[in-house]
Amino acid sequence: MPVESDERLRALRATLWPGHPAHAPKSEGTHTGAADLLIDEVPDPEQLDFLLIKRAVHERDPWSGQMALPGGRWETDDSGLLHTAVRETFEETGLDLTSLGAPIGRLEDVAPSSPHLPKMRIAPFVFGVPAGAEARVASHELDSVHWVPLDVLAAPATAATTRIQFSGFSKTFPSYHVVGEKRSSSRQPLKRR
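Here the structure is a predicted model, which means the values were calculated and not measured.

Chemist: Tell me about the overall build of the protein chain, and please be specific about residues and values.
Modeler: Helix and strand content of the protein chain: three helices and 11 strands. Taken from N to C terminus, the helices and strands of the protein chain fall in the order α-β-β-β-β-α-β-β-β-β-α-β-β-β. Among the 193 residues that make up the protein chain, the fraction classed as buried is 40%. Contacts in the protein chain between residues far apart in sequence, at least 24 positions, make up 67% of those at least 6 positions apart.

Given below as structure tokens:
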């Protein structure tokens, strides 16, 4: 079934932030990045999966070893943040959203509120990908990739907090603890059902 005809993804599209520009420009004076929330069209009508990456461990990375959405920093060759998100997803996971992905919408920008972190904003985009789409570790910045059911985020046992310590900065943030290590291999393509 093509992604565009999946009723679940059409319903999701209707709930996203209406009228927000898909090609948001970079904000001057900030580090700007984009991330992709990739929704996999699992054949099970009751389930949708999303893609998480596990960042590789690096001592200079405040998010070292944590789970995240694929994405990264805007570059001067990028035509906009949508282009950044598509490019970074390919560089990190090998998923080519220009041929496989169907844009669903955009979420509100997020930005750290701490003065200890760089002034930045992240523009999250949502794409649907067909069942059978493969993701793999395609960058040294990643340790692994994981397809996780959306229902996992709604489970009370998943809600948690995480303390981030970096350059004298220490703060606790709300988080989700997602156990996905057994669902994927860190160096092999992760093929969907």
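After that view of the structure, there is still more to cover.
Chemist: Any details on the nonpolar core? Residues and values, ideally.
Modeler: Ranked by size, the top nonpolar core spans 20 residues in total, and within it L51, L95, F125, F127 and V145 carry the most contacts. Mapped by element, the contributors of at least two residues to this core are β1 (31–41), β2 (49–55), α2 (81–93), β6 (120–130) and β8 (142–149). Formed by 11 residues, the second largest nonpolar core is a distinct cluster that contains L9, L48, F50 and I104.

Chemist: Explain the environment of R136 to me, using residue names and the numbers behind them.
Modeler: With respect to the secondary-structure elements, R136 resides in the loop between β7 (134–135) and β8. The spacing of R136 and T93 is 43 residues in sequence and 4.9 Å in space, taken between C-alpha atoms.

Chemist: Pulling in residues and values, what's your account of the pairing of β6?
Modeler: Of all the 11 residues making up β6, nine are buried; the element is thus mostly covered by neighbouring parts of the structure. Note that strand β5 (residues 102–106) and β6 share four bridges and pair antiparallel. Across the sheet, the residue bridging to G105 is V126, located in β6.

Chemist: Explain the pattern of salt bridges residue by residue, including any values.
Modeler: All told, the structure shown has six salt bridges when counted by the stated rule. The shortest N-O distance in the salt bridge between D78 and R87 comes to 2.9 Å. The class of D78 is buried, set by a relative accessible area of 6%. By relative accessible area, R87 is classed as buried at 14%. Across the salt bridge formed by D109 and R121, the nearest N and O atoms sit 2.5 Å from each other. One end of the pair, D109, is in the loop between β5 and β6; the other, R121, is in strand β6, and 12 residues separate them in sequence. One network of salt bridges, with partners in common, ties together E75, D78, R87, E88 and E91.

Chemist: So what's going on with the environment of E91? Which residues, and what values?
Modeler: By secondary structure assignment, the location of E91 is in helix α2. Look at E91 and you get partly exposed, because its relative accessible area is 37%. With 48 residues separating them along the chain, E91 and S139 place their C-alpha atoms 6.5 Å apart. Here E91 is in contact with A138 and S139, once residues within four sequence places are set aside.

Chemist: Can you lay out the side chain of T84 for me, pointing to particular residues and giving the numbers?
Modeler: As for its placement among the helices and strands, T84 is situated in helix α2. Of the residues examined, T84 reaches a relative accessible area of 0% and is grouped as buried. Apart from residues lying up to four places away in sequence, T84 is in contact with A34, G72, R73, W74, E75 and D78.

Chemist: Residues and numbers for the side chain of R87, please.
Modeler: Here R87 shows up in helix α2. Leaving out residues up to four positions away in the same chain, R87 has contacts with R73, W74, E75 and D78.

Chemist: Explain α2 to me, and be specific about the residues and the numbers.
Modeler: With 13 residues, α2 should cover 18 Å at 1.5 Å per step; its first-to-last C-alpha distance of 18 Å lies within 8% of that length. A large share of α2 lies buried, amounting to 10 of its 13 residues. All of the buried residues along α2 are L81, L82, T84, A85, V86, R87, E88, T89, E92 and T93. Of the residues one or two after α2, G94 is the one with positive phi, at around 75°.

About the criteria used
Residues numbered from 1 in each chain as written. Predicted model: local features only at pLDDT ≥ 70, side-chain atom pairs only at ≥ 80, totals over all residues. Heavy atoms only, no water. Helix = DSSP H or I, 4+ residues; strand = E, 2+ residues; numbered from the N terminus. Buried < 20%, exposed > 50% of the residue type's maximum accessible area, 1.4 Å probe, protein only. Contact = heavy atoms within 4.5 Å. Core = buried A, V, L, I, M, F, W, Y, C linked by side-chain atoms within 4.5 Å. Pairing = 2+ DSSP bridges. Salt bridge = Lys/Arg side-chain N within 4 Å of Asp/Glu carboxyl O. Expected span 1.5 Å × (residues − 1).

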